[in-house]
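Single-letter residue listing:
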Amino acid sequence: MSFASPIFLLGLFGVLIPLIIHLWKMRRAKTVRFAAIRYLLESEQVTRRRRKFWEYLLLLVRMLIIAGLSLALAKPYRMESVPALSLGNEQKSLVIIIDDSLSMQRKAAGGSLFEQGKNVAISALNQLTDLDQAALIFPCAGEESEFSKDRELNKRRVRAAQPSFQRARMLSWLGRAEEMLARSGAKSKKILVITDLQNASFSDGLNLSAFDGEIYFYDLGKENGEKNLALGAAELSRESISGEESVKVLARVYNFSDESAQVRLNLELGDQVLSRGSAELGRFGSAEKTFVINLRENMSAEGKIEIENQDALDLDNQSWFHLRGGGRVRALVVDGDWSTELSSRQSYFLERALNPRLYALSRIDPEVVSENGMAQADFNNYQVIVLADCYLSDKAQVERIRSFVNAGGGLLITLGAKVDADRYNKLLADLLPREIREVKVPFAGAEGAKEIQPMHIDSGFIGLPERHPILRPFNSANSGDPAAASFYKYFLLYQELVPKGQAVLKLADGSPILMEKNYGQGDVVLFASSINRDWNDLCIHPAFLPLFHQTIFYLARSLYEIGAKGATVGEQIELTLPAGKSGALARTSRGTEMNLNPDKQAGKSVVRINRLLEPGIYYFWYLPGPLPRTKENADFILAVNPDPQESDFRKISASDLKKLAPASALFIQTERGEKPAPGSQAKTSFIKKPYHPSFLLLLIILAGLEILILVRSGRE
Amino acid sequence: MALWQRKSEALELISRVRNLEFKAREVAEGTLIGLHRSRHRGSSVEFSELKPYSSGDEIRLIDWKLFGKTDRYFIKQFEDETRIQTYLVLDASGSMDYPEPSQGLNKFEYSRVVAGALAYLLLGQGDAAGAALINKGEFNWLPARSGERHFLELVELLAKCEPAGTTRLGPLLFELAKRIKKRSLIIIISDFLDPESEIETNLKMLRHHKNELVLFQTLSPQELEFPFNDMSWFEGLEDEGKVLIEPGQLRKKYLKLLNGWQEKLKRIAAELGADYELFRIDRNPSNLLCAYLLFRSQTQRRRAG
């Protein structure tokens, strides 16, 4: 430790002042003859030990205050050695780019590489004269400052900078620095890039060979590869292992070192470690590790996979995911084709598929009533109503259904022989995703042919990347293939200019077979064919059960959402707002909330989250929405993870770098000065790290302590 | 030289005696003015003893019945019924020599004046008064007598005494209890800064001998308020040692202890049926004495009524 004003250290002798005053007061004390000395002696005896303690404490505090004041005035500082950069003596414009990517957060002397980089930047700023000007760029934060001759201002900016969790695109920002220098009109243009020279940061595909200035790369990365393990975003999929509903979590682990590694992994859900595992990784290899989570009722939790091993960077050792599930769902199935014989009923297959007595793991409790029996049913007991081939003879019941959906209930409408298209279009006009036309029977060959050619579901539609949540089970071949079912008869729906609803499934001829629509607070799904074997054979295919389970869960808002929504730090995402929603509110992984206002895009309201700055789980609620906003009632949940490429510390080679930048003007300087810049001498310079603010803080605390002691001893 | 010294000492003593006598009379007269001449003269008499007749004795006092039986002259002697015997017990220990002369009258001088005034009042109304001075751990005793001449003896005893030595009030009260044979009024004038338990025990014993007790506690304002601020060595007046003290830190505790003792003394007095009075030495003794005597006469009248 050194001192900027060591003369003030003489003040340390001042620590003797309180002691001298104390002794002088004792010496100076006159003798007072006093008759009632007995009571004085008694009082003194009782309080002596406590008073002595406070007296000596006060003496000590006062001595410390004087010592602290002297030290603070002497301005102590620590010299931190930084290899010198020779930027030349001519008048110049300098742009300093400080790499603030995730890889710069790896451990190093003084905290992290980023902190070292800040010291280098301050050292470079110290070299500038009053005529030089400098600007700063922090690529991941997207911050660039104007040129300024005020060195102190730039130093303050450097000190205030924070590292990010993103990937840096260094070449793009080098291009930006060039533009800034070109605009500045300076003769001597210099760029100082303080970076770990991570290969991934220089893969923008840009070339800077036209630059007429000098580029200095200050390399903070180590030559010998550091050991680093990283996790990619977890992939989640539904699994049925021995009939149980479960989620498979696939973790991809990377080993970014030239030694093989044994990785220990934890899977945490909520606050519990559910599972542990390990994986063997070769040098610069990756491996997949699978965890299976058995789903329980009401499961809704944040989860993460974590690497237990110690390595160079801790921040990439976690991968976040989110599971969401609901409780039991009660569904009222209104059978329009009622019969005393169970197998003849329209709802026969649906009831068997949903009923937990027949399918033990179902979370759905269906109750089947006839159309006439609907009047006796209390809709408040159900989350979903299924109208299976109903005629809708009672208009009052239709009104009840409408209010039920408007208040947040789900409605599944399946069609059939009892359905009168005109009646439906009239009574359920606002509930239907589209108006119903006539029944179609697909015939082979030309119109009028007698042979029926069964129609199938368009499998390409199922395979769309942005598939509907209802279709998610079909990721896995275990859930069957809806495209295998044959449709002999189905209702055609009117094509509308402004679509009211969204097609979930279409037949090969383009006719929508499953459509959905929001109505009020609830949703409506229309299945354009019969739910039994009359018009199709879907009900005897394996896909029937997961498709209608999923549909009922979707309508009841009780779906297990398993990892479909994930993003990388720094990514921009868009959310399409449902009808009737005017915006969204996002809660970040740190708990801060922000309002997102929509943009109109192709008739849809879209909100954009420009940059997801940190890893973790983000929650979104559409506005207006239910209050209070809890994690359970969030409309959209996003797990955000860092880009594993940032965890690969392998460096770009000097020859590659020379290809990207004009070789004649390229200077590379390493942390240890192993590769000195051509024409420059690698010297060590020092920067001051001041301590006196800490001493001033200490003084304030001590002064407060003295007041406390005085108040306390006064009270006694 | 020695002769001259003895002479000057004698002169000084005479001056002190005169001075004290003067002050005591002044205080007593002031008290009497306050009492509006309430001097009480008893008229009833009680037979005390017989003595052989000698020339000059009043003939009306000859016991003729006895003359008939014995053929010798005897004179009846009577005693005034209201005449009481009072002992003034004055603490003349080292602690009474406070405060310093530069700060005015000290506790002993003040107490001496009060004792003198009381003697003057008592003798003036025909009562017998004695004195007991507790000085240097010993007992200076003057038996109770009546008469103007006895006043001068009392004053001389008081004036001669200089406060010194340890108090030992407790044991000396015990000694006093042994000496006083007749039921008496005992007025103790002291700062009562002795060990509390001894004082309590011996006061109880005095009371046990059917004596009536009056406790006058004389304290200085310095003792009652402890107005010191500077860190000082405090030294006792009776060789209790000395101690370095930051007065501000101990004031509360000290006053608590002193007030506690005063309250206890009052309680003891109340238990023994004794009067207790605090004499602050910065207050006029006439006023305090007058107030006390008025209070006493009122309570006695009430008791009699």
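Another aspect to go through is the overall build of chain B. Within chain B, the regular secondary structure consists of nine helices and 10 strands. With 305 residues in all, chain B has 47% of them scored as buried. Long-range contacts, defined as pairs at least 24 residues apart, comprise 72% of the intrachain contacts of chain B with a sequence gap of at least 6. Total accessible area on chain B stands at roughly 16,300 Å², and carbon and sulfur atoms take up 51% of it.

Of regular secondary structure, chain A possesses 12 helices and 38 strands. Residues classed as buried in chain A amount to 52% of the 716 residues present. Of all intrachain contacts in chain A linking residues separated by at least 6 positions in sequence, the fraction that spans at least 24 positions is 74%.

Before going further, it helps to spend a moment on the nonpolar core. L387, I413, Y424, F487 and I513 of chain A are the most contacted members of the largest nonpolar core, which has 74 residues in total. At seven residues, helix α10 (residues 544-555) of chain A tops the list of elements feeding residues into this core. Apart from the residues within four sequence positions on either side, Y424 of chain A is in contact with C390, Y391, L392, I413, L415, V419, A429, L432 and I436 of chain A. Y87, Y98, A128 and F192 of chain B belong to the second-largest nonpolar core, a separate cluster that totals 49 residues.

Residues and elements named next belong to chain B. Secondary-structure assignment places N135 in strand β4 (residues 128-135). In this structure the side chain of N135 is engaged in a polar contact, spanning 2.9 Å, whose partner is the backbone oxygen of A92. Here the side chain of N135 touches E162 through a polar contact of 2.9 Å, landing on its backbone oxygen. Excluding residues within four positions of it along the chain, N135 makes contact with A92, N140, C161, E162, P163 and A164.

A few words on the sheet that holds β4 of chain B. Residues and elements named next belong to chain B. The strand order across the open sheet built from six strands is β5-β4-β3-β6-β7-β10, with neighbouring strands paired in mixed fashion. Strands with a single pairing partner mark the edges of an open sheet, and in this sheet they are β5 (138-145) and β10 (275-280). Across the sheet, the mean angle from the axis of one strand to that of its neighbour is 15 degrees, orientation sign disregarded. Bridging between strand β3 (residues 85-91) and strand β6 (residues 185-190) involves five bridges; their strand directions are parallel. Residue pairing for β6: L88 is matched across the bridge by I187. Contacting β3, β4, β5 and β6, helix α5 (residues 169-179) crosses the sheet at an angle of about 35 degrees to β5.

All names here are of chain A. Between helix α3 (residues 113-126) and helix α4 (residues 151-160), the shortest axis-to-axis distance is 10 Å and the interhelical angle comes to 175 degrees. Looking at the two axes, α3 sits roughly antiparallel to α4. Across the interface between the two elements, K118, A121, I122, L125 and N126 of α3 pack against R151, N154, K155, V158 and R159 of α4. Of the residues in the contact of α3 with α4, the class split is four nonpolar, two polar and four charged.

Mapped onto the fold, L258 of chain B is located in helix α8 (residues 247-272). L258 of chain B sits in the buried class, given a relative accessible area of 0%. As for L258 of chain B and E223 of chain B, which are separated by 35 residues in sequence, their C-alpha atoms are 8.6 Å apart. Among residues more than four places away in sequence, those in contact with L258 of chain B are Y39 of chain A together with L193, E223 and L224 of chain B.

Moving on, we come to the confidence of the model for chain B. All names here are of chain B. Overall, the prediction assigns chain B a mean pLDDT of 79, with 79% of residues at 70 or greater. Low pLDDT, under 50, characterises residues 34-46; the predicted model gives this stretch 17 contacts beyond four residues in sequence or across chains. Interface scoring of the predicted complex returns ipTM 0.74; its pTM is 0.46.

On the chain B side, the residues contacting the 24 residues of chain A number 35 residues. Taken over both partners, the interface formed by chain A and chain B buries close to 2,900 Å², and the fraction arising from carbon and sulfur atoms is 64%. Of all residues in chain A, R33, F34 and Y39 of chain A bury the most surface against chain B, accounting for 24% of the area lost on that side. If you look at where chain A meets chain B, you find two salt bridges. The salt bridge involving E100 of chain B is made with R33 of chain A; its shortest N-O contact spans 3.4 Å. Elements represented by at least two residues in the side of chain A that touches chain B include exactly α1 (16-28), β2 (31-33) and α2 (37-73) of chain A. Sort the elements by how many residues they give to the side of chain A that touches chain B and α2 of chain A lands first, with 12 residues. For the side of chain A that touches chain B, the class distribution of residues is 11 nonpolar, three polar and 10 charged. Sheet analysis places β2 of chain A next to strand β8 (residues 232-235) of chain B, joined by three bridges and oriented parallel. Residue pairing across strands places R33 of chain A opposite E235 of chain B, the latter belonging to β8 of chain B.

Here we take up the sheet that holds β8 of chain B. If you trace the three strands from one edge of the open sheet to the other, you get β2(A)-β8(B)-β9(B), paired in mixed fashion. The outermost strands of the open sheet, each flanked by one partner alone, are β2 of chain A together with β9 (242-245) of chain B. On average, each strand axis in the sheet is inclined to that of its neighbour by 30 degrees, with strand direction left out of account.

Take a nonpolar patch on the surface next. Residues and elements named next belong to chain A. The grouping of I7, F8, L10, F13, L69 and L73 at the surface amounts to a nonpolar patch, some 620 Å² of accessible area in total. By the element assignment, F13 lies in the loop between β1 (2-3) and α1. F13 sits in the exposed class, given a relative accessible area of 61%.

With that settled, the discussion passes to unusual backbone geometry. Cis peptide bonds are those with omega within 30 degrees of zero, and the linkage from L623 of chain A to P624 of chain A qualifies with -5 degrees. In this fold, P624 of chain A is placed in the loop between β35 (616-623) and β36 (636-641). Cis geometry is found at the peptide bond from Y98 of chain B to P99 of chain B, where omega equals 0 degrees. Its place among the elements puts P99 of chain B in the loop between β3 and α3 (107-124). Not every positive phi belongs to a glycine, and K75 of chain A is a case in point at roughly 50 degrees.

This part takes up α8 of chain B. All names here are of chain B. Under the 1.5 Å per step criterion, the end-to-end length of α8 is 36 Å for 26 residues, consistent within 8% with the ideal 38 Å. Where α8 bends most, at K253, the angle is about 30 degrees. Phi turns positive one or two residues past the end of α8, at G273, with a value near 70 degrees.

Scanning the entire structure with this criterion turns up 38 salt bridges over all chains. Among the salt bridges present, the one from K107 of chain A reaches D314 of chain A, with a minimum N-O distance of 3.4 Å. Residue K107 of chain A is located in strand β5 (residues 107-108), and its partner D314 of chain A is located in the loop between β17 (300-307) and β18 (318-324); the two are separated by 207 residues in the primary sequence. Judged by its relative accessible area of 40%, K107 of chain A is partly exposed. The residue K107 of chain B makes a salt bridge to E223 of chain B at a minimum N-O spacing of 2.7 Å.

A word on the side chain of D63 of chain B. Residues and elements named next belong to chain B. In this structure, D63 sits in the loop between β1 (45-52) and α2 (64-70). Within the structure, D63 has its side chain in polar contact with the backbone nitrogen of K65 (distance 3.3 Å). With sequence-adjacent residues up to four places away left out, D63 is seen in contact with L50, F74 and K76.

Moving on, we come to the packing of aromatic side chains. Counted according to the given criterion, the structure contains 29 aromatic pairs over all chains. With a centroid separation of 5.2 Å and an interplanar angle of 75 degrees, the aromatic rings of F226 of chain B and F228 of chain B are classed as edge-to-face. The burial state of F226 of chain B is the same as that of F228 of chain B; both residues are buried. One aromatic cluster is present, built from ring pairs that chain together F34 of chain A together with Y98, F226, F228, F234 and Y254 of chain B. Sitting above the plane of the Y39 of chain A ring, R38 of chain A keeps its charged end 4.7 Å from the centroid.

All names here are of chain A. Inspection of the secondary structure assignment puts V524 in strand β27 (residues 522-527). Sequence-wise, V524 and L555 are 31 residues apart; in three dimensions their C-alpha atoms are separated by 7.3 Å. Here V524 is in contact with V405, L411, I413, L431, P433, M515, E516, K517, Y519 and L555, once residues within four sequence places are set aside.

Right, let's talk about the environment of L267 of chain A for a bit. Residue and element names in this part refer to chain A. Tracing the backbone shows L267 in strand β14 (residues 261-269). Each C-alpha atom of the pair L267 and I293 lies 9.6 Å from the other, and the pair is 26 residues apart in sequence. Not counting chain neighbours up to four residues away, the residues in contact with L267 comprise V249, Q272, V273, L274, S275, F291, I293, K304, I305 and F321.

Basis of the calculations
- Residues numbered from 1 in each chain as written.
- Chains lettered and ligands numbered in written order.
- Predicted model: local features only at pLDDT ≥ 70, side-chain atom pairs only at ≥ 80, totals over all residues.
- Heavy atoms only, no water.
- Helix = DSSP H or I, 4+ residues; strand = E, 2+ residues; numbered from the N terminus.
- Buried < 20%, exposed > 50% of the residue type's maximum accessible area, 1.4 Å probe, protein only.
- Contact = heavy atoms within 4.5 Å.
- Areas by Shrake-Rupley, 256 points an atom, 1.4 Å probe, with all protein chains shown as cover.
- Core = buried A, V, L, I, M, F, W, Y, C linked by side-chain atoms within 4.5 Å.
- Polar contact = N/O pair within 3.5 Å; in protein donor to acceptor, adjacent residues only side chain to side chain.
- Pairing = 2+ DSSP bridges.
- Axes fitted to C-alpha atoms, helices over the stretch in contact; angles between N-to-C directions.
- Parallel < 35°, antiparallel > 145°, perpendicular 65-115°, else oblique.
- Nonpolar A, V, L, I, M, F, W, Y, C, P; charged D, E, K, R; others polar.
- pLDDT = per-residue confidence, 0-100.
- Buried area = accessible area lost by both parts, 1.4 Å probe.
- Salt bridge = Lys/Arg side-chain N within 4 Å of Asp/Glu carboxyl O.
- Patch = residues over 30% accessible without salt bridge, like charges linked within 9 Å, V, L, I, M, F, W, Y side chains within 5 Å.
- Expected span 1.5 Å × (residues − 1).
- Bend = angle between axes of the 7 residues up to and from the residue.
- Phe/Tyr/Trp six-rings, centres within 6.5 Å; stacked < 30°, edge-to-face > 60°.
- Lys NZ or Arg CZ within 6 Å of the ring centre and 35° of its normal.

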